[in-house]
Amino acid sequence: MLKKHCKKNKIPVKNLKIAKFPFGMGDLPRYDLVGNQFVERKSISIKSIRIQVIPHKSQRYETVGDWMIDKRGAITIKVSDMKNWKYNMLVGLHEMIEVLLCHDRGITDCIVTNFDKAFKGKGEPGDEPNAPYQEEHNFATGIERTMAAMLKVKWKEYDDAVNAL
Ligand SMILES: [Zn+2]
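All values derive from a computational prediction rather than experimental measurement.

Enquirer: I keep staring at the overall build of the protein and nothing clicks. Help me out?
Expert: A tally of regular secondary structure across the protein gives six helices and five strands. For the protein, the residues scored as buried account for 30% of the 165 residues in total.

Enquirer: Can you help me understand the sheet that holds strand S4 (residues 65-69) in this one?
Expert: Hydrogen bonding along the main chain pairs the strands of a sheet, whether they run parallel or antiparallel. With respect to topology, three strands assemble into an open sheet ordered S3-S5-S4, the strand pairing being mixed. Each end of this open sheet is capped by a strand with a single partner; those strands are strand S3 (48-54) and S4. The sheet shows a mean angle of 15° between the axes of neighbouring strands, taken without regard to direction. Relative to strand S5 (residues 74-80), S3 runs parallel, the two sharing seven bridges.

Enquirer: Can you walk me through the confidence of the model for the protein in this structure?
Expert: Reading fine detail from the predicted coordinates is not recommended where pLDDT is low. The predicted model of the protein averages 82 in pLDDT, with 75% of residues at 70 or higher. Of all helices and strands in the protein, the one with the weakest mean pLDDT is helix H1 (residues 2-9) (42), whereas S3 scores best (98). Note that pLDDT drops below 50 for residues 1-29; the model gives that stretch 40 contacts with residues more than four away or on any other chain.

Enquirer: In this structure, what is going on with the environment of Ile143? I would like to understand it.
Expert: With respect to the element layout, Ile143 can be found in helix H5 (residues 134-150). Distance in space between the C-alpha atoms of Ile143 and Leu90 is 9.2 Å, their sequence separation being 53 residues. Those residues in contact with Ile143 that lie beyond four places of it in its chain are Leu93 and Ile97.

Enquirer: Is there a simple way to think about H5 in this case?
Expert: Relative to the 24 Å expected for 17 residues at 1.5 Å per residue, H5 spans 25 Å between its end C-alpha atoms, a close match to the ideal helical length. Among the residues making up H5, those that are buried are Glu136, His137, Ala140 and Glu144. The arc that holds every buried residue of H5, seen down its axis, measures 90°, which confines them to one face. Among the exposed residues of H5, those oriented more than 90 degrees off its buried face are Gly142, Thr146 and Ala149. Tucked into the core, H5 has its buried residues touching helix H3 (85-105). Lys152 sits one or two positions beyond H5 and adopts a positive phi of about 60°.

Enquirer: Can you help me understand the nonpolar core in this one?
Expert: In a soluble, globular protein the nonpolar side chains are often hidden away together inside. Judged by nonpolar contacts, the single largest core of 22 residues is most densely connected at Ile77, Leu90, Val99 and Val112. If you list the elements that add at least two residues to this core, you get S4, S5, H3 and helix H4 (109-118). Top element by residues in this core is H3. It accounts for seven residues.

Enquirer: Explain H3 here, please?
Expert: Given 3.6 residues per helical turn, the α-helix brings residues three or four places apart onto the same face. For H3, which comprises 21 residues, the first-to-last C-alpha distance of 30 Å matches the rise-based estimate of 30 Å (1.5 Å per residue) to within 8%. Of the residues one or two after H3, Gly106 is the one with positive phi, at around 75°.

Enquirer: What am I meant to see in unusual backbone geometry here?
Expert: For residues other than glycine, phi is negative in most cases, and the peptide bonds are mostly trans. In this model, Lys83 sits at a positive phi of 60°, which is unusual for a non-glycine residue. Examined against the element boundaries, Lys83 turns out to sit in the loop between S5 and H3. Positive phi, close to 60°, is recorded for Lys152, a residue that is not glycine. Its place among the elements puts Lys152 in the loop between H5 and helix H6 (155-163).

Enquirer: Honestly, the environment of Gln59 in this entry has me stumped. Any pointers?
Expert: The topology assignment puts Gln59 in the loop between S3 and S4. In the structure, Gln59 is positioned 20 residues away from Val79 in sequence and 8.2 Å away in space, judged by C-alpha atoms. Sequence-distant contacts of Gln59, defined by excluding residues within four places in its chain, comprise Asp66, Lys78 and Ser80.

The rules we used
Residues numbered from 1 in each chain as written. Predicted model: local features only at pLDDT ≥ 70, side-chain atom pairs only at ≥ 80, totals over all residues. Helix = DSSP H or I, 4+ residues; strand = E, 2+ residues; numbered from the N terminus. Buried ≥ 20, exposed ≤ 12 C-beta atoms within 10 Å, placed from the backbone. Pairing = 2+ DSSP bridges. Axes fitted to C-alpha atoms, helices over the stretch in contact; angles between N-to-C directions. pLDDT = per-residue confidence, 0-100. Contact = placed C-beta atoms within 7 Å. Expected span 1.5 Å × (residues − 1). Arc of directions from axis to C-beta. Core = buried A, V, L, I, M, F, W, Y, C linked by C-beta atoms within 7 Å.

Okay, structure coming up:
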């Protein structure tokens, strides 16, 4: 699977962002970045999405929300518990939107995770202008903010809870 290739070939993070640019949008979903080459992709059909709330310390790396897709098309989203179901599910919703868009565009778990792990700046790695999933992250944030308004969640308080983890 791509994840193994990605690990084996140790793709330099600086090369990951090119995944979005060499093809027109219509072409992108048919390609994956393996090593430094684009290869035609057999698209996995999504069958299920599961959002799990877990202790923050159990995340794979320093993040509040994480997603992965297995070979059978089952998406697992892991959210750090903030002891507030609305906050937890807002993160889950964000991740759900993001993973579906990334999957459609050939931006894999491996690409996102490598970028996130290498990120040293402040705030969220997805907010970085060179994040390989920036557009998908921004759209997810838009939906998340809309839902937060309907749940009467104050964005500042929610954001503080996320940053306090
Ligand atoms: Zn995001």
